[in-house]
Amino acid sequence: MRIARFSIDGNVAFGVVEGDPSDAEGPVLDIIKGHPFAEFERSGQRIPLNKVRLLPPVLPNKVIGIGRNYAEHAAELGHEVPEVPVAFFKPSTAVTGPGDPVPYPSFSSELHHEAELAVVIGRMCREVPRERVQDVILGYTCANDLTARDVQRRENQWARAKGFDGSCPLGPWVETELDPSDLGIMCTVNGEQRQLGRTGDMVHSIADLIVHLTEAMTLLPGDVVLTGTPAGVGPLNVGDEVAVTIEGIGTLTNKVIKRG
């Protein structure tokens, strides 16, 4: 099931995405009663997907990123593969949605794309045992862990480099019925392939990450865990259109603009 969050005529709601973009009439949204973090009913009220504005599929209390979770990516930046997951935070103000413009940070001259599979938490949880990890996950979406690489090197920590406004595009929706163990991940810039990898190459699995993180903190419904990026990260410029495509989910597209 694909669950999208959207706005139409000033109203915000969740809906189940039905149909395929290749269909003649295109996909539609069946508006749901309530929210996806509890049992819900479909209203039967359907709206063409092209008549709404898609929003970030969730509004997380926190986004937790995982660094260097693909060996080839760690190597391309000159780092060792970490023995335990390296975690960092992005604030809620970093989150933006599919199709939203991403302002180039004024304090950086080296903005990089990082295509990632994002895990969306479905229920409040802490100290999750490995065998219960799937029970706390609502689903999965595409993410772009935008990074001011020069700031990351210069400041030797990641708060500003990865937490600036608009640095966490998410979308286009949450896929709830998906095996994330070996999915293709691709990033293109202006239609040119930059990254191509598979989630099966993660150093630490999704189960590893959830167990590790919930040893230390409570995760809330709607929280997001970014699972790391494959090799091939590189620069973005004002005017570039960057797209993250994940097998079984869809494509997240954003355009880089000059910060006003």
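Structural data are supplied above this passage.
Only a predicted model underlies this, so the values are computations on that prediction, with no experimental measurement involved.

Draft legend 1. A look at the overall build of the chain. Check the secondary structure of the chain and you find four helices and 20 strands. A compact globule built from 260 residues would reach a C-alpha radius of gyration of about 18 Å, and the chain, at 18 Å, matches this within 12%. Projected onto its principal axes, the C-alpha coordinates of the chain cover approximately 50 × 45 × 30 Å. Taking all 260 residues of the chain together, 53% fall into the buried category. Considering only residue pairs separated by 6 or more positions, the chain has 70% of its internal contacts joining residues 24 or more positions apart. Of the roughly 11,700 Å² that the chain leaves accessible, carbon and sulfur atoms contribute 48%. Taking the average place of the 24 positive charges on the side chains of the chain and the average place of its 35 negative ones, the gap between the two points comes to 7 Å.

Draft legend 2. Up close: the environment of Leu138. Mapped onto the elements of the fold, Leu138 is located in strand β12 (residues 137-144). Under the relative-accessibility criterion, Leu138 is labelled buried at 15%. Sequence separation of Leu138 and Val120 is 18 residues, and the distance between their C-alpha atoms is 5.6 Å. Excluding residues within four positions of it along the chain, Leu138 makes contact with Pro36, Phe37, Val120, Ile121, Gly122, Val174 and Thr176.

Draft legend 3. Up close: unusual backbone geometry. With omega at 5 degrees, the peptide bond leading from Gly171 into Pro172 counts as cis. Position of Pro172 among the secondary structure elements: in strand β14 (residues 168-175). Unlike most non-glycine residues, Arg68 shows phi in positive territory, near 55 degrees. By the secondary structure assignment, Arg68 is in the loop between β6 (63-67) and α1 (71-76). By relative accessible area, which is 23% here, Arg68 ends up partly exposed. Within the chain, Glu127 stands out as a residue other than glycine whose phi angle is a positive 45 degrees. For Glu127, the position within the fold is in the loop between β11 (115-121) and β12.

Draft legend 4. Local environment of the pattern of salt bridges. Scanning the model with the defined rule gives 18 salt bridges in all. The shortest N-O distance in the salt bridge between Lys90 and Asp145 comes to 2.8 Å. Pair noted here: Lys90 is in strand β7 (residues 86-90) and Asp145 is in the loop between β12 and β13 (147-148), with a separation of 55 residues, a long-range link. Here Lys90 falls in the buried class, since its relative accessible area comes to 2%. The shortest N-O distance in the salt bridge between Arg160 and Glu155 comes to 2.6 Å. Bridged by salt links that share partners, the residues Lys90, Glu114, Asp145, Arg149 and Lys162 form one connected network.

Draft legend 5. A look at the side chain of Arg149. Summarising the element assignment, Arg149 is placed in helix α2 (residues 149-155). Discounting chain neighbours no more than four positions away, the residues touching Arg149 are His73, Leu77, Glu110, His112, Glu114 and Val233.

Draft legend 6. Region of the structure containing the state of the cysteines. Throughout the structure, instances matching the rule amount to zero disulfides. Of the cysteine sulfurs around Cys125, a residue in no disulfide, the closest is that of Cys168, at 18 Å. Free cysteine Cys168: the closest other cysteine sulfur is in Cys142, separated by 12 Å.

Reading guide: rules and limits
- Starting afresh in each chain, residues are numbered from 1 along the sequence in its written order.
- Per-residue local features of the predicted model are confined to residues with pLDDT of at least 70, and side-chain atom pairs are confined, for both listing and counting, to 80 or more; whole-chain, interface and lining totals are unaffected and use all residues.
- Hydrogens and waters are ignored; side-chain quantities use all the structure's heavy atoms.
- In DSSP terms, a helix is any run of H or I states spanning at least four residues, a strand is any run of E spanning at least two, and both are numbered starting from the N terminus.
- Put simply, the radius of gyration uses C-alpha atoms, and a globule should come to 2.2 Å times the residue count raised to 0.38.
- Accessible area is worked out with a 1.4 Å probe on protein chains only. A residue is then buried under 20% of its type maximum, exposed over 50%, and partly exposed in between.
- Working rule for contacts: check all heavy atoms of both residues, and any pair within 4.5 Å makes them a contact.
- Note on areas: Shrake-Rupley with a 1.4 Å probe; residue coverage comes only from the protein chains shown.
- Two residue types count as positive, namely Lys and Arg, and two as negative, namely Asp and Glu; His and chain ends fall outside the count.
- Charge placement uses NZ in Lys and CZ in Arg. For Asp and Glu, CG and CD serve respectively.
- Here a salt bridge means any side-chain nitrogen of Lys or Arg lying within 4 Å of a carboxyl oxygen belonging to Asp or Glu.
- Disulfides are defined as cysteine sulfur pairs within 2.5 Å.

Remember that the coordinates give geometry; whether it matters functionally is a separate question.
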